[in-house]
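The chain contents come next:
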Amino acid sequence: MVEGIGPDAAKCGLKEEAVEAAVTKRLTDAGLRIIRYSDDDTYLYVNINTVTASSALCVSRYDVTLYSHSAAKLPHTSSPVLLQAELLHKGGLAGGGPAVHADGVLKSVLEYLDQFTTRIREANK
C-alpha cells in the first residue's frame with residue numbers, strides 16, 4: 001500500500017503510480033509474491049508526506065513499514081483480540097529541488113525494501 005502522495009508531492013515529481021510500480025517491481029524481483037487489495041495478514045505500507053517550502057525546495061518524510069496481525073489475549077480481555085504488529089520499519093527525510101527530489105526519495109524507499117527483503121530471506125533459511 002502506497003499512501004500520502006498529495007499535491008505537494010506531485011509538484012516535487014512524486015507520483016503514486018510510479019512509486020507503487022517501483023516498489024512492486026523491487027519486491028517481485030526479490031522473489032516475493034504481491035497480492036493487491038487483499039485481507040492478508042502481512043502487508044507493506046509506504047507513506048510519503050511532502051511539503052514545499054518554496055517553489056525551489058521540497059521536503060519529504062517517508063516511512064516503509066511491514067505489518068502483520070496476530071491474535072493475542074490481553075490481561076483485560078476474556079478472549080483473544082486481533083492486534084497489528086509492526087515487524088520492520090525504516091523512515092527518513094529528504095530535501096532538495098523539485099528536479100531531483102523524487103529520485104532521491106524513491107532511491108531511499110527502495111534501499112529500505114532491499115534491507116527488508118534481505119532480512120526476510122535470512123529469516124527463511
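Rules and cut-offs
Residues numbered from 1 in each chain as written. Predicted model: local features only at pLDDT ≥ 70, side-chain atom pairs only at ≥ 80, totals over all residues. Heavy atoms only, no water. Phe/Tyr/Trp six-rings, centres within 6.5 Å; stacked < 30°, edge-to-face > 60°. Salt bridge = Lys/Arg side-chain N within 4 Å of Asp/Glu carboxyl O. Helix = DSSP H or I, 4+ residues; strand = E, 2+ residues; numbered from the N terminus. Buried < 20%, exposed > 50% of the residue type's maximum accessible area, 1.4 Å probe, protein only. Contact = heavy atoms within 4.5 Å. Core = buried A, V, L, I, M, F, W, Y, C linked by side-chain atoms within 4.5 Å. Expected span 1.5 Å × (residues − 1).

## Let's talk about the packing of aromatic side chains
So, point 1. Across all of its chains, the model carries three aromatic pairs by this definition.
So, point 2. Connected via pairs of aromatic rings, a cluster forms that spans Tyr43, Tyr45 and Tyr67.

## Brief notes about the pattern of salt bridges
So, point 1. In total, this model carries five salt bridges according to the counting rule given.
So, point 2. Across the pair Lys11 and Asp8 runs a salt bridge, and its minimum N-O distance is 3.5 Å. With Lys11 and Asp8 both in helix α1 (residues 7-11) and three residues apart, the pair spans about one turn of that helix.
So, point 3. In this structure Asp8 comes out as partly exposed when scored by relative accessible area, which is 24%.
So, point 4. Ionic pairing is found between Lys125 and Glu122, a salt bridge with its closest N-O pair at 3.2 Å.

## A look at the environment of Leu82
So, point 1. Here Leu82 shows up in strand β4 (residues 81-96).
So, point 2. C-alpha separation for the pair Leu82 and Ser70, spaced 12 residues apart in sequence, amounts to 5.6 Å.
So, point 3. With residues up to four places along the chain from it excluded, the contact list for Leu82 reads His69, Ser70 and Ala71.

## Digging into the nonpolar core
So, point 1. Counting 23 residues, the largest nonpolar core has Leu14, Val23, Leu44, Val46, Ile48, Val64 and Val109 as the members making the most contacts within it.
So, point 2. Those elements that place two or more of their residues in this core are α2 (16-29), β2 (43-54), β3 (57-72), β4 and α3 (98-123).
So, point 3. When near neighbours in sequence (up to four residues on either side) are disregarded, Ile48 contacts Glu3, Gly4, Ile5, Leu14, Val19, Ser60, Arg61, Tyr62, Val105 and Val109.

## Looking at α3
So, point 1. Taking 1.5 Å per residue as the helical rise, α3 with its 26 residues ought to reach 38 Å, and the 39 Å between its terminal C-alpha atoms agrees with that figure.
So, point 2. For α3, the full list of buried residues reads His101, Ala102, Val105, Ser108, Val109, Leu110, Tyr112, Leu113, Phe116 and Thr117.
So, point 3. Of the surrounding elements, those touching the buried residues of α3 are α2, β2, β3 and β4.

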